[in-house]
Amino acid sequence: NPGEGWGVRSHYRCLPGTLYLVNYRDEDGDHIKVGITKRTVEERLRSRLVSVIATYEATLGECFDLEQKILKDLDEFRYSSQSTTELFTTEALPLILNYYD
């Protein structure tokens with residue numbers, strides 16, 4: 001994962017990336033997840049991917065910055081499961097989609 005939990009390292013910032021919004025499934029159930037990847041969304045999430053809701057293609061740096069804005073702006077809708085972070089309640093979906101326009 002290019003974000004490595006601490007921000008995109010400087011040598012990754014210019015590489016192509018994808019900010020994704022997906023339906024994600026794990027042992028806790030189905031979730032809405034936001035994230036970034038330098039791979040395809042399918043490669044990144046593998047068997048936990050239910051469906052892709054939206055993607056935004058840009059540099060990893062731009063994707064990371066936008067992801068951080070979403071996480072900060074919509075913090076009241078965020079939660080984590082046993083397997084991952086950056087999950088959102090369904091009420092946040094229309095608000096998140098505004099960032100993908």
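Each chain carries its own residue numbering, running from 1 in the written order of its sequence. Thresholds applied to this predicted model are a pLDDT of at least 70 for local features of residues and 80 or more for the giving and counting of side-chain atom pairs; totals over whole chains, interfaces and linings are not thresholded and use all residues. The basis for every side-chain value is the complete set of heavy atoms in the structure, and neither hydrogens nor water enter the calculation.

Draft legend 1. Region of interest: the pairing of strand 1 (residues 16-26). Throughout this description, buried means an accessible area under 20% of the type-specific maximum (1.4 Å probe, protein chains only), exposed means over 50%, and partly exposed covers the range between. Numbering of helices and strands starts at the N terminus; helices are DSSP runs of H or I of at least 4 residues and strands are runs of E of at least 2. With respect to burial, strand 1 is a largely interior element, eight of its eleven residues being buried. Two strands are said to pair when DSSP picks up at least two bridges between them. The sheet contact formed by strand 1 and strand 3 (residues 49-59) spans nine bridges and is antiparallel. Bridge assignment links Tyr20 to a residue of strand 3, and that residue is Thr55. One ladder, built from nine bridges, connects strand 1 with strand 2 (residues 29-37); its direction is antiparallel. Note that in strand 2 the partner of Thr18 across the bridge is Thr37. As consecutive antiparallel partners, strand 1 and strand 2 are separated by two residues.

Draft legend 2. Fine view of the pattern of salt bridges. Salt bridges, as used here, are contacts in which a Lys or Arg side-chain nitrogen is within 4 Å of a carboxyl oxygen on Asp or Glu. Throughout the structure, instances matching the rule amount to six salt bridges. Its salt-bridge partner being Glu86, residue Arg78 comes within 4.0 Å of it at the nearest N-O pair. Residue class for Arg78 comes out partly exposed when judged on its relative accessible area of 32%. A single network of salt bridges, built from pairs that share partners, joins Asp75, Arg78 and Glu86.

Draft legend 3. Region of interest: helix 2 (residues 60-73). Along its 14 residues, helix 2 runs 20 Å from first to last C-alpha, staying within 8% of the 20 Å computed at 1.5 Å per residue. The set of residues buried in helix 2 consists of Leu60, Gly61, Cys63, Phe64, Leu66, Glu67, Ile70 and Leu71. Against strand 1, strand 2, strand 3, strand 4 (78-79), strand 5 (87-88) and helix 3 (93-97) lie the buried residues of helix 2. The span one expects for a helix is its residue count, reduced by one, times 1.5 Å. Contacts: residue pairs with any heavy atoms within 4.5 Å of one another.

Draft legend 4. Spotlight on the packing of aromatic side chains. The criterion for an aromatic pair is that two Phe, Tyr or Trp rings (for Trp, the six-membered ring) have centres within 6.5 Å, with stacked assigned to planes under 30 degrees apart, edge-to-face to planes over 60 apart and tilted to the rest. Summed over the entire model, instances satisfying the criterion amount to zero aromatic pairs. Lying over the aromatic face of Tyr24, Lys33 brings its terminal NZ or CZ to 5.9 Å of the ring centre. By definition here, charges over rings are those cases where NZ of Lys or CZ of Arg is within 6 Å of the ring centre and within 35 degrees of the ring normal.

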